[in-house]
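This is what each chain is made of:
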Amino acid sequence: MTASLTEPDARPGPLGLPWPATASRTAEGALAVGGVGVHDLAARFGTPLYVVDEADMRARARAFRDAFTAAFADVGAHAEVYYAGKAFLCRAVARWMTQEGLRIDTATLGELTTALSAGVPGAQIGLHGNNKSDEEIELALRSGVGRIVLDSEPEVTRVADAAARLGGRAPVMVRVTTGVHAGGHEFISTAHEDQKFGLSLHAHDGETSPAMRALLAVLAREELDLVGLHSHIGSQILDAAGFDAAAGAVMALRADLAARTGVLVGEVDLGGGFGVAYLPGEVELEPERIAKETAGAVVRAAQETGTSVPDVSFEPGRSIAGPAGLTLYTVGTVKEVALPATSPDGATRLYVSVDGGMSDNIRTALYDARYHAEVVGRASRAPGVLARVVGKHCESGDVVVHDVLLPGDMRAGDLLAVATTGAYGRSMASQYNLVPRPGVVAVRDGVATPIVRRETVEDLLALDLG
Ligand SMILES: Cc1ncc(COP(=O)(O)O)c(C=O)c1O
Ligand SMILES: N[C@@H](CCCC[NH3+])C(=O)O
């Protein structure tokens, strides 16, 4: 049993983290988000349903933009924030982010096309990807994206050749692996990163690192404009120290390139990865704190390397979308399961099955992620019992919430919400067991607006060519 288990609390009033900012309990004990009650949402749109608190998501985007702009203006530099679309992207979200002054980071043809189709100007879009297709590179170039982040040496040639074919130039960044791998509370420094992204700063031949080789190759191609260096160290990071180390490593590479070639790269992107609160009592990495700490780190690195402070950019995804979203489910089977006598969790566990599962939230199965859930359709005075929220899939690992205290009087038909599912929920959803993916509804000022349609079994059959 985890230490973070808290007694279910259905008292009226605002809920606070990990719930969306506008979430509150009505006097009857039901949850409302964005001024819309969960019974209305379930009746109008069905369950499972992803619900996004639009005001919260916009406010989070603004908070990062404002914090980075202010912290870097203080040290004479310009900062841009790219919303990482992989967390959750649809046209409405792309428009919200653009209206709040953010740019959009994309990583595939689908994300790039969605951002463009929302009306985001190409110049405000970045394209990532460790295995970009020709189609992705060409669309990026044709739509005039602000930057293509190169992830390997062959890609230098591929993007330059594509630009030459199209008769234009390509603004590029080079993504480096700094040896800092961060995630959760931990970060470990390693000389090599045994993973697929980016170009190592470590010189295997003792002379020129893959990152430096790629940079020299970029400078040798007249179709390429080297606009920046890029580093992304991990995700769900709650400590600024990893960014400090990464900034130092990237700034050292920037100084080294300048010493070798006279080219001082204008921008450094330190990626995303800012952690959020998934459970009651957890804290998130505050925008002001991470902005001030990274600005300090970049200035220190500039002083140490005797170079100017570059412009910077960041790519938060989870910290903008995650806490603004929840998933609403209807409870089905409720089963009390006897635990082995040796179990530290007590005599029984209540298995609460919901009408979705690992197809709408794979993070629990994939990363052993922890979530918080509450009964949100009613108040209950029943004492909390140790429960596990599971889905409807044919898999014993189909768990949505490992451990949570739920009222002992849980029953079929109850509405249950899982908090902090706004990032990497819908965007990583599957149709496992031919379960159609849930839709997404934005709630704001008492109005619910569907922004992604729920799939139907007919949609699935339409893909099936018989
Ligand atoms: C290159 C890059 N940028 C940004 C992000 C967004 O990360 P997060 O959602 O943790 O902020 C990721 C994902 O980890 C990424 O790979
Ligand atoms: N999808 C992951 C994060 C990966 C971020 C992409 N580089 C998650 O749900 O936590």
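Described below are features of the structure shown in this document. Please read these numbers as outputs of a predicted model, since none were measured by experiment.

With respect to the overall build of the chain
Scanning the chain for helices and strands turns up 12 helices and 25 strands. Its C-alpha atoms give the chain a radius of gyration of 24 Å, near enough to 23 Å, the size a compact globule of 466 residues would have. Considered along the principal axes of its C-alpha atoms, the chain spans approximately 70 × 50 × 40 Å. Across the 466 residues of the chain, 54% fall into the buried class. A sequence separation of at least 24 residues applies to 70% of the contacts in the chain between residues at least 6 apart. The average position of the 41 basic charges and that of the 58 acidic charges among the side chains of the chain differ by 3 Å.

Points about the packing of helix 4 (residues 109-117) against helix 5 (residues 134-142)
Here helix 4 crosses helix 5 at 25°, and the two axes come no closer than 10 Å. The angle between the axes of helix 4 and helix 5 places the two elements in the roughly parallel class. As for the relative orientation of helix 4 and helix 5, their crossing is left-handed in sense. Two secondary-structure elements touch here, helix 4 through L109, L112, T113 and L116 and helix 5 through E135, E136, L139 and A140. When its residues are assigned to classes, the contact of helix 4 with helix 5 shows five nonpolar, one polar and two charged.

Quick look at the sheet that holds strand 1 (residues 13-14)
Judged by pairing direction, the sheet is antiparallel, and its four strands sit side by side in the order 1-2-3-4 without closing on themselves. Only two strands of the sheet have a single neighbouring strand rather than two, namely strand 1 and strand 4 (36-37). Where strand 2 (residues 24-25) meets strand 3 (residues 31-33), two bridges bridge the pair, whose relative direction is antiparallel. In the sheet register, R25 faces strand 3, and the bridge partner there is L31.

Focus: the nonpolar core
By size, the foremost hydrophobic cluster in this structure holds 89 residues, and its most contacted members are M57, F68, F72, Y83, V93 and M97. In this structure F72 touches A77, A79, A291, T294, A295, V298, V312 and F314, once residues within four positions along its chain are discounted. Counting residues in each nonpolar core, the second largest holds 21 residues, with V276, Y371, V401 and L416 among its members.

Let's talk about the pairing of strand 22 (residues 399-407)
With nine of nine residues buried, strand 22 is to be regarded as a mostly interior element. Here strand 21 (residues 384-390) runs beside strand 22; their pairing, made up of six bridges, is antiparallel. The residue bridging V385 from the neighbouring strand is L406, located in strand 22.

What about the site of ligand 2?
In the vicinity of ligand 2, the residues found are K86, R318, R363, Y367, Y424 and M428. Between R363 and ligand 2, the recorded distance is 2.5 Å, taken from a side-chain N or O atom to an oxygen atom. Y367 is positioned such that a nitrogen or oxygen atom in its side chain is 2.9 Å from a nitrogen atom of ligand 2. For the shell around ligand 2, the per-class residue count stands at three nonpolar, no polar and three charged.

Describing the pairing of strand 10 (residues 170-177)
Every regular strand shows the same layout, with side chains that alternate between the two sheet faces. Burial analysis of strand 10 places eight of its eight residues in the buried class, the great majority of the element. Direction of pairing for strand 9 (residues 147-150) relative to strand 10: parallel, over a ladder of three bridges. Paired with I148 across the bridge in strand 10 is V172. As a crossover connection, the stretch from strand 9 through helix 6 (residues 153-166) into strand 10 is right-handed. Pairing of strand 10 with strand 14 (residues 224-230), which is carried by six bridges, proceeds in the parallel orientation. Residue P171 lies in a different strand from strand 14, and its bridge partner there is D225. Taken together, the two bridges between strand 10 and strand 13 (residues 199-200) define a ladder with parallel strand orientation. What sits directly across from V176, in strand 13, is L199.

Quick word on unusual backbone geometry
Residue P18 is bonded to the preceding L17 through a cis peptide linkage, with omega at 10°. Mapped onto the secondary structure, P18 falls in the loop between strand 1 and strand 2. With omega at -5°, the peptide bond leading from T47 into P48 counts as cis. If you check the backbone angles, Q236 has positive phi at about 55° while not being a glycine. Within the fold, Q236 resides in strand 15 (residues 234-237). Residue classification places Q236 among the buried residues on the basis of a relative accessible area of 15%. One non-glycine residue with positive phi stands out, namely D445, at about 50°. Turning to its location among the elements, D445 is positioned in the loop between strand 24 (440-444) and strand 25 (447-452).

A look at helix 6
A rise of 1.5 Å per residue sets the reference length of helix 6, with its 14 residues, at 20 Å; its end C-alpha atoms lie 21 Å apart and thus fit the reference within 8%. Within helix 6, the full set of buried residues consists of E155, V156, V159, A160, A162 and A163. The buried residues of helix 6 occupy an angular sector of 160° when projected down its axis, which confines them to one face. Facing away from the buried side of helix 6, by more than 90 degrees, are the exposed residues P154 and R165. The inward-facing, buried residues of helix 6 contact helix 5, strand 9, strand 10, helix 7 (210-220) and strand 14. Backbone geometry just after helix 6 places G167 at a positive phi near 70°.

Criteria and cut-off values
Sequence order as written defines residue numbering, which begins from 1 separately in each chain. A letter from A marks each chain and a number from 1 marks each ligand, given out in the order of writing. Selection of residues for local features in this predicted model requires a pLDDT of at least 70, selection of side-chain atom pairs for listing and counting requires 80 or more, and totals for whole chains, interfaces and linings are taken over all residues. The basis for every side-chain value is the complete set of heavy atoms in the structure, and neither hydrogens nor water enter the calculation. Helical segments are the DSSP runs of H or I of at least four residues, strand segments are the runs of E of at least two, and each set is numbered from the N terminus. Throughout, the radius of gyration refers to the C-alpha atoms, and the reference size of a globule is 2.2 Å times the residue count to the power 0.38. Exposure classes here rest on a 1.4 Å probe applied to the protein chains alone. A residue is buried below 20% of its type maximum, exposed above 50%, and partly exposed in between. Contacts are assigned to residue pairs that have any heavy atoms within 4.5 Å of one another. Here the positive residues are Lys and Arg and the negative ones are Asp and Glu; neither His nor the chain ends is included. We put the charge of a Lys on NZ, of an Arg on CZ, of an Asp on CG and of a Glu on CD. A fitted line through C-alpha atoms represents every axis, and for helices the fit uses only the stretch in contact; the resulting angles, taken between N-to-C directions, go from 0 to 180 degrees. Comment on the angle field: the value is read as roughly parallel under 35 degrees, roughly antiparallel over 145, roughly perpendicular from 65 to 115, and oblique elsewhere. The crossing is said to be left-handed when, going from far helix to near helix, the turn is anticlockwise and less than a right angle, and right-handed when the turn is clockwise. Classes in brief: Ala, Val, Leu, Ile, Met, Phe, Trp, Tyr, Cys and Pro nonpolar; Asp, Glu, Lys and Arg charged; the others, Gly included, polar. Strands pair, by our definition, only if DSSP identifies at least two bridges between them. Put simply, buried Ala, Val, Leu, Ile, Met, Phe, Trp, Tyr and Cys residues joined by side-chain atoms within 4.5 Å make one nonpolar core. Residues are counted as near a molecule or strand when any one of their heavy atoms sits within 4 Å of it. The term polar contact refers here to a pair of N or O atoms within 3.5 Å; inside protein, the definition further demands a hydrogen-donor-capable atom paired with an acceptor-capable atom, and it admits residues adjacent in sequence only when both atoms are side-chain atoms. Assignment of crossover handedness uses the view with strands pointing away from the viewer, where a clockwise path from the first strand over the helix to the second indicates a right-handed crossover. An expected span of 1.5 Å times one less than the residue number is assigned to each helix. The arc in question is formed by the directions pointing from the helix axis toward the C-beta atoms.

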